[in-house]
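Observations on the three-dimensional arrangement
Here is what each chain is made of, one letter per residue.
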Amino acid sequence: MAQAAGEPNPVRWHAAVTNPGCEVMVRDAMARRGVDTVLPMLRFWRVRHRKRIIAERPLMARIVVFGLDRTTQHIAGIYGLERIVRGASDRWAVLSLDEVQDLRLRILRGEFDATLRQTDPQMEVPPLIRHLVSIGALPYSATCTHKAARNLGLKFKDVA
């Protein structure tokens, strides 16, 4: 239903906790029901069977951010959904619209994508990716350009 001018936005943003490894499944189930979701995915290079492939994993383990209009949408009965994050009161915690929009802009800017350097080798590695490499959560080869990977001796076919 369309929102009239001057009315407050009926969509409220919340965070859902999923069962381990069910983030993508919950996001897809919510999308099928018409619920707007945000799930930032960390993209990086992985070497498997001497081939270099793009791998993805959710940036926030077990968390899916979703916007719900309670008059028209529901999330009851979604397989893999453990619970909704609650605030200080016993009600669902509400995220600000600015935080959600900032997260979406960071996704669009590619801050969570280590594979973007393949098309532009001069592009700087995003700070989050640098941090994950420094603590050992991602291997150094996840941020290499194709030329640097060849110099390291990694053999792989070109991937998108």
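Note that the structure is a prediction, hence the values are computed from the model and not measured.

Compared with an ideal rise of 1.5 Å per residue, which puts 13 residues at 18 Å, helix α2 (residues 97-109) spans 18 Å between its outermost C-alpha atoms and is within 8% of the ideal. In the stretch just after α2, Gly110 is the one whose phi turns positive, near 85°.

This paragraph deals with unusual backbone geometry. One non-glycine residue with positive phi stands out, namely His49, at about 55°. Unlike most non-glycine residues, Arg62 shows phi in positive territory, near 70°. Structurally, Arg62 can be placed in the loop between β4 (51-58) and β5 (63-68).

Positionally, Thr115 belongs in the loop between α2 and α3 (127-134). At 2.4 Å, the side chain of Thr115 forms a polar contact with the side chain of Asp113.

In terms of burial, strand β1 (residues 12-18) is largely enclosed, as six of its seven residues are buried. With six bridges connecting them, β1 and β5 associate as antiparallel partners. In the sheet register, Val17 faces β5, and the bridge partner there is Ile63. Sheet analysis places β1 next to strand β6 (residues 81-84), joined by three bridges and oriented antiparallel. Its bridge partner being in β6, Val17 is matched across the sheet by Arg83.

Further remarks concern the sheet that holds strand β2 (residues 36-38). Pairing is antiparallel across the open sheet formed by four strands, whose spatial order is β2-β5-β1-β6. Looking along the sheet, the strands with just one partner apiece sit at the ends: β2 and β6. Across this sheet, the average inter-strand angle for adjacent strands is 35°, counted without regard to direction. Each of β1, β2, β5 and β6 touches helix α1 (residues 23-32); the most contacted strand, β5, lies at about 10° to it.

Glancing now at the packing of aromatic side chains. Aromatic rings in a pair are described by how distant their centres are and how their planes are angled relative to each other. Enumeration according to the criterion identifies one aromatic pair in this entry. When the centroid spacing of 6.3 Å and the interplanar angle of 75° are considered together, the rings of Phe66 and Trp92 count as edge-to-face. With a gap of 26 residues between them, Phe66 in strand β5 and Trp92 in the loop between β6 and α2 connect regions that are remote in the sequence.

With that settled, the discussion passes to α1. Inspection of α1 places Glu23, Val26, Ala29 and Met30 among the buried residues, and these make up the whole buried set. Summarising the axial view, the buried residues of α1 lie within an arc of 130°, below the 170-degree limit, and thus occupy one face. In this fold, the buried residues of α1 make contact with β1, β2, β4, β5 and β6. Looking at the residues trailing α1, positive phi occurs at Gly34, about 85°.

A few words now on the pattern of salt bridges. Summed over the entire model, instances satisfying the criterion amount to eight salt bridges. Between Asp113 and Arg43 there is a salt bridge; the shortest N-O distance is 3.8 Å. Here the residue Asp113 occupies a position in the loop between α2 and α3, and Arg43 occupies one in strand β3 (residues 41-48), the gap between them amounting to 70 residues. When its relative accessible area of 26% is taken as the criterion, Arg43 is described as partly exposed. Among the ionic pairs, Arg83 bridges to Glu82, the shortest N-O distance being 3.7 Å. Residue classification places Glu82 among the partly exposed positions, given a relative accessible area of 38%. Within the structure, one salt-bridge network assembled from shared partners comprises Arg43, Glu56 and Asp113.

Thresholds, definitions, all that
- Residues numbered from 1 in each chain as written.
- Predicted model: local features only at pLDDT ≥ 70, side-chain atom pairs only at ≥ 80, totals over all residues.
- Heavy atoms only, no water.
- Helix = DSSP H or I, 4+ residues; strand = E, 2+ residues; numbered from the N terminus.
- Expected span 1.5 Å × (residues − 1).
- Polar contact = N/O pair within 3.5 Å; in protein donor to acceptor, adjacent residues only side chain to side chain.
- Buried < 20%, exposed > 50% of the residue type's maximum accessible area, 1.4 Å probe, protein only.
- Pairing = 2+ DSSP bridges.
- Axes fitted to C-alpha atoms, helices over the stretch in contact; angles between N-to-C directions.
- Contact = heavy atoms within 4.5 Å.
- Phe/Tyr/Trp six-rings, centres within 6.5 Å; stacked < 30°, edge-to-face > 60°.
- Arc of directions from axis to C-beta.
- Salt bridge = Lys/Arg side-chain N within 4 Å of Asp/Glu carboxyl O.

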